[in-house]
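# Coordinate inspection notes
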Amino acid sequence: EVQLVESGGGLVQTGGSLRLSCAASGFTANDYAMGWFRQAPGKDREVVSIISSAGYTYYEDSVKGRFTISRDNAKSTVYLQMNILKPEDTAVYYCAASIRGILTTRLDDFRSWGQGTRVTVSS
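Residues numbered from 1 in each chain as written. Predicted model: local features only at pLDDT ≥ 70, side-chain atom pairs only at ≥ 80, totals over all residues. Heavy atoms only, no water.

## Topic: the pairing of strand β1 (residues 3-7)
Put simply, the rule reads: To sort residues, take the accessible area from a 1.4 Å probe on protein chains only and compare it with the maximum for the residue type: under 20% means buried, over 50% means exposed, and anything in between is partly exposed. Elements are defined by DSSP. Helices are runs of H or I of four residues or more, strands are runs of E of two residues or more, and each kind is numbered from the N terminus. DSSP bridges decide pairing: two strands pair if at least two such bridges lie between them.
Covered by surrounding structure in β1 are L4 and E6 only, the residues Q3, V5 and S7 on the alternate face being uncovered. Bridge analysis of β1 against strand β3 (residues 18-25) gives 5 bridges, and the strand direction is antiparallel. Across the sheet, V5 pairs through a bridge with A23, a residue of β3.

## What about the environment of T105?
Rule in force here: By definition in these notes, contact holds between two residues if any of their heavy atoms fall within 4.5 Å.
Note on placement: T105 falls in the loop between β9 (91-98) and β10 (110-113). It is 9.8 Å that separates the C-alpha atoms of T105 and I51, two residues lying 54 residues apart in sequence. Not counting residues within four places of it along the chain, the set of residues in contact with T105 comprises I50 and Y58.

## Description of empty space enclosed by the protein
Selection criterion: Only protein atoms enter the 1 Å grid used here, on which a cavity is any set of points holding a 1.4 Å probe that cannot leave and a pocket is any open set flanked by protein within 12 Å on both sides along at least five of seven lines; residues with an atom within 4 Å of a point are listed as lining. Grid points are joined across faces, edges and corners, and a volume is the space filled by probe spheres set on the points. Residue classes follow a fixed rule: Ala, Val, Leu, Ile, Met, Phe, Trp, Tyr, Cys and Pro count as nonpolar, while Asp, Glu, Lys and Arg count as charged, and any other residue, Gly among them, counts as polar.
With the rule as written, the count across this model stands at 1 cavity of 30 Å³ or more. Empty space within the largest cavity amounts to approximately 30 Å³. Around the largest cavity, the lining residues are A24, A29, N30, M34, R71, D72, N73, S76, T77 and V78. Of all the elements in the fold, those that place two or more residues in the lining of the largest cavity are β7 (67-72) and β8 (77-82). Here the residues of the lining of the largest cavity sort into 4 nonpolar, 4 polar and 2 charged.

## Observations concerning the state of the cysteines
Filter applied, for reference: Cysteine sulfur atoms that pair up within 2.5 Å are treated as a disulfide.
Tallying each qualifying case throughout the model produces 1 disulfide. Each sulfur of the disulfide joining C22 and C95 lies 2.0 Å from the other. Here the S-S torsion is close to -75 degrees, and the disulfide linking C22 with C95 is therefore left-handed. Of this pair, C22 sits in strand β3 while C95 sits in strand β9, and the two are 73 residues apart along the sequence. Looking at C22, the relative accessible area reads 0%, which means it is buried. Assessed through its relative accessible area of 0%, C95 is described here as buried.

## Concerning the packing of aromatic side chains
Selection criterion: Note on aromatic contacts: the rings of Phe and Tyr and the six-membered ring of Trp form a pair at centre separations within 6.5 Å, being stacked when their planes are under 30 degrees apart, edge-to-face when over 60 apart, and tilted otherwise.
Enumeration over the complete set of coordinates arrives at 4 aromatic pairs. Ring plane angle 50 degrees and centroid distance 6.1 Å describe the contact between F27 and Y32, whose orientation is recorded as tilted. Assessed through its relative accessible area of 29%, Y32 is described here as partly exposed. Ring centres of F37 and F110 lie 5.0 Å apart, and the angle between their planes is 70 degrees; this geometry places the pair in the edge-to-face category. Here F37, found in strand β4 (residues 34-39), pairs with F110, found in strand β10; they are 73 residues apart in sequence, far enough to count as distant. A residue is classified by how much of its surface remains accessible, and F37, at 0% relative accessible area, is buried. A residue is classified by how much of its surface remains accessible, and F110, at 3% relative accessible area, is buried.

Set out below in structure tokens:
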């Protein structure tokens, strides 16, 4: 059974940092692109960052220079280091696994999802 378990969310002040983790099991996560998405209240789910199986990365414009995605293949874990957090980063963050190894931002390519972890940035 494919499982993605996120952790690391919480409440932080503007300018603070958090590191999200996503532990994958039940499949060979190293062979697939992995991504972080977020959904704020009343808004659609949006892509935040993607990392391909080869380590290529994509960042949504608003997080470039502040967030860093990485993966530890030995641990089948993907991380999202979030620095200089802003109130507009407040959302539930979801980890997802793509059906492809290449870098993709197509929501349809992501078929397995975690339960989400809430990030709240206070002003």
